[in-house]
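Structure at a glance
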Amino acid sequence: MAWFKKTRKPMAAPAKEKASRVPEGLWVKCPGCAQAIYNKDLAANFNVCPKCGHHFRLNATERLRMLFDGTWTEYDKDLVSTDPLVFTDTKPYKARLKAGIESTGMKDAVIVAAGSIDRIPTVVASMEYGFIGGSMGVVVGEKIARGIERAIAGRTPIVIVCCSGGARMMEGALSLMQMAKVCAALARLDRAGLPFISVLTDPTTGGVTASFAMLGDVNIAEPKALIGFAGPRVIEQTIRQKLPEGFQRSEFLLDHGMLDMVVDRRELKDVITRLLRFAGRPAGAIAPVAVEAVPGS
Ligand SMILES: [Zn+2]
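A short tour of the structure in this document, coming up. (Residues numbered from 1 in each chain as written. Predicted model: local features only at pLDDT ≥ 70, side-chain atom pairs only at ≥ 80, totals over all residues. Heavy atoms only, no water.)

**What to know about the pairing of strand β6 (residues 158-164)**
The buried count for β6 comes to seven of seven residues, which makes it a mostly enclosed element. Burial of β6 is two-sided: the residues Ile158, Ile160, Cys162 and Ser164 facing one way and the residues Val159, Val161 and Cys163 facing the other way are all buried. Viewed along the sheet, the connection from strand β5 (residues 120-127) through helix α4 (residues 138-154) into β6 turns out right-handed. Where β6 lies against strand β7 (residues 196-204), six bridges are found, and the strand directions are parallel. Within β7, the position partnered with isoleucine 158 by the bridge is phenylalanine 196. With respect to chirality, the unit in which β6 leads through helix α5 (residues 172-191) into the neighbouring parallel β7 is right-handed. (Buried < 20%, exposed > 50% of the residue type's maximum accessible area, 1.4 Å probe, protein only. Helix = DSSP H or I, 4+ residues; strand = E, 2+ residues; numbered from the N terminus. Right-handed = clockwise from strand over helix to strand, strands pointing away. Pairing = 2+ DSSP bridges.)

**Remarks on the nonpolar core**
Core analysis: the largest hydrophobic core is formed by 43 residues, its most contacted members being Ile144, Ile148, Leu189 and Phe212. For this core, the elements supplying multiple residues, two or more each, are α3 (93-104), β4 (110-117), β5, α4, β6, α5 and β7. At six residues, the largest contribution of residues to this core is made by α4. Setting aside its immediate chain neighbours within four residues, leucine 189 contacts Ile148, Ala151, Ile152, Thr156, Ile158, Leu194, Pro195 and Phe196. Formed by 24 residues, the second largest nonpolar core is a distinct cluster that contains Met106, Ile117, Ile220 and Leu268. (Core = buried A, V, L, I, M, F, W, Y, C linked by side-chain atoms within 4.5 Å. Contact = heavy atoms within 4.5 Å.)

**Description of the coordination of the zinc ion**
Ligation of the zinc ion by protein atoms is provided by Cys30 (SG), Cys33 (SG), Cys49 (SG) and Cys52 (SG), these donors lying 2.3 Å from the ion. Coordination at the zinc ion is tetrahedral, judged from the four donor atoms that bind it and the angles of 106 to 112 degrees they form at the metal. Read in sequence order, the donor residues coordinating the zinc ion give the pattern C-x2-C-x15-C-x2-C. Taken together, the residues span a long stretch of sequence, with cysteine 33 in the loop between β1 (27-29) and β2 (36-38) and cysteine 49 in the loop between α1 (39-44) and α2 (60-67) at a distance of 16 residues. Accessibility expressed as a relative area gives 0% for cysteine 49, which makes it buried. (Donors = N, O, S within 2.8 Å, 3.2 Å for Na, K, Ca; no water. Tetrahedral: all angles 85-135°; square planar, octahedral: opposite > 155°, others 65-115°.)

**Section: the environment of lysine 181**
Inspection of the secondary structure puts lysine 181 in helix α5. Put simply, lysine 181 and alanine 145 are 36 residues apart on the chain and 6.9 Å apart in space, counted from C-alpha to C-alpha. Not counting residues up to four positions away in its chain, the partners in contact with lysine 181 are Val138, Gly141, Glu142 and Ala145.

Geometry only, nothing functional implied.
Shown next as structure tokens:
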């Protein structure tokens, strides 16, 4: 049985957003400058428009390829959601999971892997927007928390690349608990004296922003990324005021002290490397992280 029944006409869908993913085909029209870009040029440029610097979205694997020096070891690849609430909205949650698995080839919305960034052994968690909007359910929370535990056990830093619509409502309160779980793991990482760099990409919203995304020792965002808790429409309706230009975009948040830096994707790896070197190589780092079991699990 469905949890909700729509008796009234559903709300009209908002005006179609500009495509932020790279569409299929030989040429792509950039939503930033409206110029045609050769698809291969875009791929060679980390999906950043060579003409205006518009950042197209990267998927989780492309992100790891961009950050790591070479190959990486993926962890907890086979964790899958059990649909604990047997949730159905307009579609059963099971069907959404199946569609996500088919379209991304991943079992849930994050890849957690260990590798090296400019020879520094590091754990990276990379979120995948293509899987139910990068939403954080039990599996995402568990994989990230385990990734942090692995970083602690291996004495390495962790980088989390956020790209998420927030907590996964189809898992109800269980998805909200992931916020606390991941934050608690980050507190242990902090006590162990290990750095956490948070990379906020377009979009980072809801329960992800409200928990670990903002807890980095350094919070870095990509240019013009949407970062916020509630959406601008909801805020405008609540406070009955027009929001300022550029509200909830990286540059605005940087100006207002919510972020430490806004970094062009083409320089992101260099900046992260410099930050990790600045934080100092943790004593006893193992290369690569060779941890089989998660402590306490
Ligand atoms: Zn452009």
